Amino acid sequence: EAQVTQNPRYLITVTGKKLTVTCSQNMNHEYMSWYRQDPGLGLRQIYYSMNVEVTDKGDVPEGYKVSRKEKRNFPLILESPSPNQTSLYFCASRGPGGDLGSYEQYFGPGTRLTVT
Amino acid sequence: QKEVEQNSGPLSVPEGAIASLNCTYSDRGSQSFFWYRQYSGKSPELIMFIYSNGDKEDGRFTAQLNKASQYVSLLIRDSQPSDSATYLCAGEGSRGPGTYKYIFGTGTRLKVLA
């Protein structure tokens, strides 16, 4: 089954304690992306990756890091989380585009993060 | 500054009616536009994408794009209670073809009344 998985699904942590949210896809997609979703602000892109070792900032990259060492994995790292990073996070992947199927962006189930 | 604007709603329509969802964008370089449906507590799922001016139909859904007016819309015919969800409009940013930088609107909540 084609899917994007994220772990953990729920996380409560304290300010300053480094954390990593993992993301993995089994569709051999080149493109992967991280979003955060906040009430009234919608989905905002944090970082995206067009292939292994190729990443770029989205609209709200501050306070986040990513790496893409393998095609299937795209972890999101919060080195020193703060309460304003409390949000619902989605990982997504997509094929390269150019034919009908590849434009579909598959989203993971989401990770609800609370930073106290 | 927001680049994709949507009315937050809720938009309420009776069952069987046509629901019309609208979106405007500011980046003239945006090439492709997407409509996602998101049920409460779930992840977004793609409904339609469009990249050419005009209409594109898929079952009960029709997407419309007008690049001159920077306007995208989604029509849902024969609306069903199961269509009740938040609909997100997104544009693919203009850093070049296939750059995969998406800008999402804040979404329109649709309620279909039985």
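Our subject in this report is the structure included herewith. Predicted, not measured: the structure shown is a model, and the values here were computed from it.

## Thoughts on the pairing of strand 6 (residues 54-57) of chain A
Residues and elements named next belong to chain A.
Thought 1: Where strand 5 (residues 42-51) lies against strand 6, four bridges are found, and the strand directions are antiparallel. In the strand pairing of strand 6, N51 is matched with V54.
Thought 2: Hairpin connection, strand 5 to strand 6: the antiparallel pair is bridged by two residues, and E53 has positive phi, about 65°.

## Considerations on the packing of aromatic side chains
Thought 1: Applying the stated criterion to the full structure yields 13 aromatic pairs over all chains.
Thought 2: With 5.6 Å between their ring centres and 85° between their planes, F107 of chain A and Y36 of chain B make a pair best called edge-to-face. Placement of F107 of chain A in strand 10 (residues 105-107) and of Y36 of chain B in strand 4 (residues 33-38) is noted, with the two residues assigned to different chains. Taken individually, F107 of chain A and Y36 of chain B each receive the classification buried, so the pair is uniform in this respect.
Thought 3: Both rings, one in F49 of chain B and one in Y51 of chain B, keep their centres 6.0 Å apart while their planes meet at 20°; by these two values the pair is stacked.
Thought 4: The ring centre of F61 of chain B lies 5.4 Å from the NZ or CZ of R60 of chain B, which sits over that ring.

## Overview of the interface of chain B and chain A
You'll often see interface size given as the accessible area lost when the parts meet.
Thought 1: If you look at the interface, chain B gives 23 residues, while chain A gives 27 residues.
Thought 2: Surface buried jointly by chain B and chain A totals about 2,000 Å² across both partners, of which 53% is contributed by carbon and sulfur atoms.
Thought 3: For the pair chain B and chain A, the number of links is one salt bridge.
Thought 4: Here E92 of chain B makes a salt bridge to R94 of chain A, at a shortest N to O gap of 3.7 Å.

## Structural notes on the pattern of salt bridges
Once the charged atoms of two side chains with opposite charge are near each other, the side chains can pair.
All names here are of chain A.
Thought 1: One pass over the full model with this rule turns up nine salt bridges over all chains.
Thought 2: Ionic pairing is found between R36 and D38, a salt bridge with its closest N-O pair at 2.8 Å. For the pair shown, R36 and D38 are each scored as buried.
Thought 3: A salt bridge links R44 to D38; the shortest N-O distance between them is 2.8 Å.

## With respect to the sheet that holds strand 8 (residues 76-78) of chain A
Residue and element names in this part refer to chain A.
Thought 1: The four strands are arranged 1-3-8-7 in an open sheet whose pairing can be described as antiparallel. If you trace the sheet from one side to the other, it starts and ends with strand 1 (4-7) and strand 7 (65-66), each paired once.
Thought 2: In this sheet, strand 8 lies alongside strand 3 (residues 19-25) in antiparallel orientation, the contact comprising three bridges. Bridging from a neighbouring strand, V21 pairs with L76 of strand 8.

## Some words on the state of the cysteines
Thought 1: Going through the model one piece at a time under the given rule, you end up with two disulfides over all chains.
Thought 2: Disulfide pairing is shown between C23 of chain A and C91 of chain A; the S-S distance is 1.8 Å. A torsion of -75° about the S-S bond marks the disulfide between C23 of chain A and C91 of chain A as left-handed. Placement of the pair is C23 of chain A in strand 3 and C91 of chain A in strand 9 (residues 87-94), with a sequence separation of 68 residues.
Thought 3: By relative accessible area, C23 of chain A is classed as buried at 2%.
Thought 4: In this model C23 of chain B forms its disulfide with C89 of chain B; the gap between the sulfur atoms is 2.1 Å. Of note, the bridge from C23 of chain B to C89 of chain B carries an S-S torsion of about -70° and is left-handed in sense. Note that C23 of chain B is positioned in strand 3 (residues 19-25) and C89 of chain B in strand 9 (residues 85-92), a separation of 66 residues in sequence.
Thought 5: Given a relative accessible area of 1%, C23 of chain B falls into the buried group.

Calculation rules
Residues numbered from 1 in each chain as written. Chains lettered and ligands numbered in written order. Predicted model: local features only at pLDDT ≥ 70, side-chain atom pairs only at ≥ 80, totals over all residues. Heavy atoms only, no water. Pairing = 2+ DSSP bridges. Helix = DSSP H or I, 4+ residues; strand = E, 2+ residues; numbered from the N terminus. Phe/Tyr/Trp six-rings, centres within 6.5 Å; stacked < 30°, edge-to-face > 60°. Buried < 20%, exposed > 50% of the residue type's maximum accessible area, 1.4 Å probe, protein only. Lys NZ or Arg CZ within 6 Å of the ring centre and 35° of its normal. Contact = heavy atoms within 4.5 Å. Buried area = accessible area lost by both parts, 1.4 Å probe. Salt bridge = Lys/Arg side-chain N within 4 Å of Asp/Glu carboxyl O. Disulfide = S-S within 2.5 Å.

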